[in-house]
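# Observations on chain architecture
So you can see what is in the structure, the chains are spelled out below.
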Amino acid sequence: DSLDVTSSTQAVTCNAAAGQCTTQAIQGCTEDSCSQILEPIVKVTIRVPNDYMGSILSDVTSNRRGQIVEVTQLENQQAGGAAASLIHAEIPLAEMVGYATALRAMSQGNGNFEMSFLEYRYVGQDMQEKLMEDPYHF
């Protein structure tokens, strides 16, 4: 396909044609497997009482596409305090939306977390296909 641009071509027509060309180029490139999508990954440290560990670990790995790196048992710092642990995980940033609320609900307000940027990683093929179908998935 080609587009002849002359002085009489209107800006709207040019913008529409450019948009269509860009869309076709991106779709053609991804169909030919010449590109992959990267997503930001964050390092997350979650402090949670041991009573809630199972549900937190399950949420990180099943619902948030996270990977558990390490679980560390904390010493009781207060007399009579509940035993707690630190969960170190790597989770896609897109999956962290709403996590503070979810963590509070799962731990009855007793959990907290910190996160910091770690790196960019390639999105899996199944997620890349979902993004191609609906780029506003996140």
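Placed above this text is the structure.
The rules behind the values
- Residues numbered from 1 in each chain as written.
- Predicted model: local features only at pLDDT ≥ 70, side-chain atom pairs only at ≥ 80, totals over all residues.
- Heavy atoms only, no water.
- Pairing = 2+ DSSP bridges.
- Helix = DSSP H or I, 4+ residues; strand = E, 2+ residues; numbered from the N terminus.
- Axes fitted to C-alpha atoms, helices over the stretch in contact; angles between N-to-C directions.
- Contact = heavy atoms within 4.5 Å.
- Salt bridge = Lys/Arg side-chain N within 4 Å of Asp/Glu carboxyl O.

Consider a sheet: its strands pair through backbone hydrogen bonds, and that pairing is either parallel or antiparallel. The sheet built from four strands is open, its strands ordered 2-3-1-4 with antiparallel pairing. Since the sheet does not close on itself, it has two edges, and those belong to strand 2 (67-73) and strand 4 (112-122), each with one partner. Recorded for the sheet is a direction-independent mean angle of 15° between the axes of neighbouring strands. The pairing of strand 1 (residues 38-49) with strand 4 spans ten bridges and is classified as antiparallel. Bridge assignment links V42 to a residue of strand 4, and that residue is F117. The strands touched by helix 2 (residues 53-63) within the sheet are strand 1, strand 2 and strand 3 (84-92), with strand 3 carrying the most contacts at an inclination of about 10°. Across the sheet, helix 3 (residues 99-106) is in contact with strand 1 and strand 4; its angle to strand 4 comes to roughly 130°.

Let us now look at the pattern of salt bridges. Pairing of side chains with opposite charge becomes possible as their charged atoms draw close. In the structure shown here, the tally under the stated rule is five salt bridges. Between E119 and R121 there is a salt bridge whose closest N-O contact spans 2.6 Å. Connected through shared salt-bridge partners, E39, R65 and E95 make up one network.

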